[in-house]
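Take a look at the letters that make up each chain.
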Amino acid sequence: MGLLFAKLWSLFGTEEHKIVIVGLDNAGKTTILYQFLMNEVVHTSPTIGSNVEEVVWRNIHFIMWDLGGQQSLRAAWSTYYTNTEFVIVVIDSTDRERLPLIREELYKMLAHEELSKAGVLVYANKQDVKGSMTASEISKELDLTSIKQQQWHIQSCCALTGEG
Ligand SMILES: Nc1nc2c(ncn2[C@@H]2O[C@H](COP(=O)(O)OP(=O)(O)OP(=O)(O)O)[C@@H](O)[C@H]2O)c(=O)[nH]1
Ligand SMILES: [Mg+2]
């Protein structure tokens, strides 16, 4: 009986939630992952493939997949979507020129069957840089209010300080 209980408990105790972090190259995804993990800024280089880390917060285990954002790697994003509960979309708020491209990638991603019930968090990163776009500007440009199927939220942040 005790053994069974322990087994059940361990099942609940190790409940895991899968999160994928996507966004164009240089957006700050890897920096954000390690900010979550260690509250520290690590020196990053462009991610080839993915990084995966487990972040534990109040006994809840989050398995976070940080995907490479370079063009050649974006086609592989969809192979990570199975069982994903949350998607974090990281945007370089200084990168005005590529917003149309971000928009295209975002809606392509949201149309995926496996993400139809996922929660979406959009990070407007690099708010420390002067002249960066605000979260509301980005929200407007990306037409986020047109997203009806998923729950979404946009949050401005700075991965270097951990703000947001
Ligand atoms: N000023 C500023 N720079 C940042 C911020 N977040 C990340 N960076 C810098 O942006 C660069 C790219 O960061 P990464 O985290 O490697 O970007 P990535 O999205 O993982 O890029 P890929 O792996 O190529 O897809 C690094 O030089 C970071 O130090 C921020 O909030 N402000
Ligand atoms: Mg990276």
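Structure shown above.
Counting from 1, residues in each chain are numbered in the order their sequence is written. Ligands are numbered from 1 and chains lettered from A, in the order in which they are written. Whole-chain, interface and lining totals are the exception, using all residues; otherwise, since this is a predicted model, local features are given only for residues with pLDDT of at least 70 and side-chain atom pairs are given and counted only at 80 or more. The basis for every side-chain value is the complete set of non-hydrogen atoms in the structure, without hydrogens or water.

1. Side note on the site of ligand 1
- Residues in contact with ligand 1 amount to 20 residues; listed here are only the nearest, Lys29, Thr31, Thr44, Thr47 and Gly69.
- One of the backbone N or O atoms of Thr47 is found 2.7 Å from an oxygen atom in ligand 1.
- Here ligand 1 loses 83% of its free accessible area of 660 Å² to cover by the protein chains.
- In this analysis, the protein atoms alone were mapped onto a 1 Å grid. Cavities are point sets where a 1.4 Å probe fits without being able to get out; pockets are open sets with protein on both sides within 12 Å along at least five of seven lines; lining residues have an atom within 4 Å of a point. Think of it this way: a molecule belongs to a cavity or pocket when more than half its atoms come within 2 Å of the grid points there. Comparing atom positions with the cavity grids shows ligand 1 to sit within the largest pocket.
- For the purposes of this entry, the term helix denotes a DSSP run of H or I that reaches at least four residues, the term strand denotes a run of E that reaches at least two, and both are numbered from the N terminus. It is helix α2 (residues 29-38) that contributes the most residues to the shell around ligand 1, three residues altogether.
- Residue composition of the shell around ligand 1, grouped by class: seven nonpolar, nine polar and four charged. We define proximity as follows: a residue is near a molecule or strand when any one of its heavy atoms falls within 4 Å of that partner. Pairs of N or O atoms are called polar contacts if they sit within 3.5 Å, as long as, within protein, a hydrogen donor faces a hydrogen acceptor (for residues adjacent in sequence, only side-chain-to-side-chain pairs). Calculation of accessible area relied on Shrake-Rupley with a 1.4 Å probe; when residues are assessed, cover is drawn exclusively from the protein chains displayed. Amino acids are sorted into nonpolar (Ala, Val, Leu, Ile, Met, Phe, Trp, Tyr, Cys and Pro), charged (Asp, Glu, Lys and Arg) and polar (every other residue, Gly among them).

2. Re empty space enclosed by the protein
- Grid points are joined across faces, edges and corners, and a volume is the space filled by probe spheres set on the points. Under the definition given, this model contains one cavity of 30 Å³ or more.
- Considered as a void within the structure, the largest cavity measures approximately 70 Å³ in volume.
- Among the secondary structure elements, those contributing two or more residues to the lining of the largest cavity are β4 (86-92) and α4 (99-110).
- With four residues, α4 is the single largest residue contributor to the lining of the largest cavity.
- Looking at the lining of the largest cavity residue by residue, the classes come out as nine nonpolar, one polar and one charged.

3. Things to note about the side chain of Ser116
- If you trace the backbone, Ser116 turns up in the loop between α4 and β5 (119-125).
- At a separation of 2.9 Å, a polar atom in the side chain of Ser116 contacts the main-chain carbonyl oxygen of Glu113.
- Only heavy atoms matter for contacts: two residues are in contact if any of them lie within 4.5 Å across the pair. Aside from chain neighbours lying at most four places away, what touches Ser116 is Gln149 and Gln150.

4. Examining the pairing of strand β1 (residues 16-22)
- Summarising burial for β1: six of the seven residues are buried, a large majority.
- When DSSP finds two or more bridges between two strands, those strands count as paired. Relative to strand β3 (residues 60-67), β1 runs parallel, the two being bridged by six bridges. Note that in β3 the partner of Lys18 across the bridge is Ile63. With a 1.4 Å probe rolled over the protein chains alone, any residue whose accessible area is under 20% of its type maximum counts as buried; one over 50% counts as exposed, and the rest are partly exposed.

5. Observations concerning the nonpolar core
- Joining through side-chain atoms within 4.5 Å is the link that ties buried Ala, Val, Leu, Ile, Met, Phe, Trp, Tyr and Cys residues into a set, and such a set is a nonpolar core. Grouped together as the largest cluster of nonpolar side chains are 27 residues, with contacts concentrated most on Val22, Val87, Val89, Met109, Ile138 and Leu142.
- Within the residue set of this core, elements represented by two or more residues are β1, β4, α4, β5 and α5 (135-142).
- Take this core: its biggest share by element is five residues, from α4.
- Not counting the four nearest positions on each side in its chain, Ile138 is found in contact with Ile91, Ser93, Leu99, Ala124, Met133 and Ile154.
- Counting 14 residues, the second largest nonpolar core, distinct from the first, contains Ile21, Ile32, Met64 and Tyr123.

6. Some details on the sheet that holds strand β2 (residues 50-57)
- Here six strands make up an open sheet; going across it, the order is β2-β3-β1-β4-β5-β6 and the pairing mixed. Whereas interior strands pair on both sides, the edge strands pair on one side only; in this sheet they are β2 and β6 (151-156). In this sheet, adjacent strand axes meet at a mean angle of 20° when their direction is disregarded.
- Whenever a helix is involved, its axis is fitted only over the stretch in contact; in every case the axis is a line through C-alpha atoms, and angles between N-to-C directions fall within 0 to 180 degrees. Sitting on the sheet, α4 touches β1, β4 and β5, and the angle it makes with β4 is about 175°.
- Packed on one face of the sheet, α5 meets β4, β5 and β6 and runs near 140° to β6.

7. Points about the coordination of the magnesium ion (ligand 2)
- For the magnesium ion (ligand 2), every protein donor is listed as Thr30 (OG1) and Thr47 (OG1), and the spread of their distances is 2.0 Å. Residue Thr30 is located in helix α2, and its partner Thr47 is located in the loop between α2 and β2; the two are separated by 17 residues in the primary sequence. In this pair, the class of Thr30 matches that of Thr47, namely buried. In this listing, donors mean N, O and S atoms no farther than 2.8 Å from the metal, or 3.2 Å for Na, K and Ca; water is missing from the atoms, so a site can look incomplete.

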